[in-house]
Amino acid sequence: MPQEKVWDADVARRYDTPGTGMFAPEVLGPTVDRLAELAAGGAALEFAVGTGRVAVPLAERGVPVTGIELSRPMVERLRTKVDEATVPVVIGDMATSTVGGEFSLVYLVYNTISNLLTQAGQVACFRNAARHLAPGGRFVIELWVPELRKLPPGQEATVWSSEPGYIGLDTYDVLHQQVVSHHFQFDESTQARLFRSPHRYIWPAELDLMAQLAGFELETRHADWAGSEFTADSRSHVSVYRLPTTN
């Protein structure tokens, strides 16, 4: 299914969960703090800006933020929070769409680079980030680590979250490096709501090679936005890539 059909009006309407999940202060606060630090007084560009989960509080911190977003319904939700002058948005594909101006920071959070379903598209995304950055600018990616070690022979799925009212599981196609995330939400009734999204998973080493192809060097990698050490057991990472300070 094309990504613009995955992120439709129904998903956009249910996407925001104020105060909980990825909108929880303990999740969002360190994210915005770190991005504001990395912007270093310059402007920021968010690929896949969505409903403005990160862009809006970052703009409130005084960082000029522009966005690129494929889903019009997601941008419509963003517009209920801030106007075009506060967070300008270009409708388009983050791998190819461009905006005017030069930025000190481009960022892509919450696993969204994996929404690009081919290696070529992911490499193009790195090159598009480089295209928008000033010399010495940074590209920040937050991404999960594929949990293939949890897959015994013959099993294709892993449960990555199980809590009251919610189960999250991933089904893997290891031959083609594809995964579909399944999100089940339910209550005391016999009915459940299912949302599915396709992804192409990326190992950290492969991500680093994509960065090199676009002219970046890895500056830092941590397990989270608070700067925890990245280890072999980390389930995700925040990787900061930087362009040379001179062309």
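Residues numbered from 1 in each chain as written. Predicted model: local features only at pLDDT ≥ 70, side-chain atom pairs only at ≥ 80, totals over all residues. Heavy atoms only, no water.

Student: Would you mind going over the pairing of strand S1 (residues 44-47) with me for this structure?
Tutor: For a regular strand, the rule is simple: side chains alternate between the two faces of the sheet. Neither face of S1 is exposed, since Ala44 and Glu46 on one face and Leu45 and Phe47 on the opposite face are all buried. Pairing geometry for S1 and strand S2 (residues 65-69), over four bridges, is parallel. Counterpart to Leu45 in the pairing with S2 is Thr66. Taken together, S1, helix H4 (residues 55-60) and S2 constitute a β-α-β crossover, and its handedness is right-handed. Examined bridge by bridge, S1 and strand S4 (residues 103-108) share three bridges and lie parallel to one another. Bridge assignment links Leu45 to a residue of S4, and that residue is Val106. (Buried < 20%, exposed > 50% of the residue type's maximum accessible area, 1.4 Å probe, protein only. Helix = DSSP H or I, 4+ residues; strand = E, 2+ residues; numbered from the N terminus. Pairing = 2+ DSSP bridges. Right-handed = clockwise from strand over helix to strand, strands pointing away.)

Student: Where do I start with the packing of helix H6 (residues 119-132) against helix H7 (residues 204-213) in this structure?
Tutor: Helix packing geometry: the angle between the two helix axes and the distance between the axes. Contact geometry for H6 and H7: axes closest at 8 Å, N-to-C directions at 50°. As judged from the angle between their axes, H6 and H7 are oblique. As for how H6 packs across H7, the hand of that crossing is right-handed. For the pair H6 and H7, contact is made by Gln119, Gln122, Val123, Phe126 and Arg127 and by Glu206, Leu207, Met210, Ala211 and Leu213, respectively. Grouping the amino acids of the contact of H6 with H7 by side-chain chemistry returns six nonpolar, two polar and two charged. (Axes fitted to C-alpha atoms, helices over the stretch in contact; angles between N-to-C directions. Parallel < 35°, antiparallel > 145°, perpendicular 65-115°, else oblique. Left-handed = near helix turned anticlockwise from the far one by under 90°. Contact = heavy atoms within 4.5 Å. Nonpolar A, V, L, I, M, F, W, Y, C, P; charged D, E, K, R; others polar.)

Student: Help me out: how do you make sense of the sheet that holds strand S10 (residues 217-222) in this one?
Tutor: In any sheet, the strands associate via hydrogen bonds between backbone groups, in a parallel or an antiparallel arrangement. Pairing is mixed across the open sheet formed by seven strands, whose spatial order is S3-S2-S1-S4-S5-S11-S10. Every other strand in the sheet has two partners, leaving strand S3 (89-91) and S10 as the edge strands with one partner each. Across the sheet, the mean angle from the axis of one strand to that of its neighbour is 20°, orientation sign disregarded. Contacts from helix H3 (residues 25-39) reach S4, strand S5 (133-144), S10 and strand S11 (236-242) within the one sheet, and its direction differs from that of S4 by about 150°. Sheet contacts for H7: S5, S10 and S11; angle to S11, the most-contacted strand, approximately 15°.

Student: Help me understand the pattern of salt bridges, please; the structure alone is not making it clear to me.
Tutor: Opposite charge on two side chains permits pairing when their charged atoms draw close. Applying the stated criterion across every chain yields a total of 12 salt bridges. One salt bridge connects Arg193 with Asp10, and the closest N-O pair in it is separated by 3.7 Å. Of this pair, Arg193 sits in strand S9 (residues 192-200) while Asp10 sits in helix H2 (residues 9-15), placing them 183 residues apart in sequence. A relative accessible area of 40% places Arg193 in the partly exposed class. Here Arg138 ties to Glu219 by a salt bridge, and the two come within 2.7 Å at their closest N and O atoms. Here Arg138, found in strand S5, pairs with Glu219, found in strand S10; they are 81 residues apart in sequence, far enough to count as distant. We classify Arg138 as buried; its relative accessible area is 14%. Members of the salt-bridge network, linked through shared partners, are Asp10, Arg13 and Arg193. (Salt bridge = Lys/Arg side-chain N within 4 Å of Asp/Glu carboxyl O.)

Spatial relationships are all this shows, so hold off on functional conclusions.
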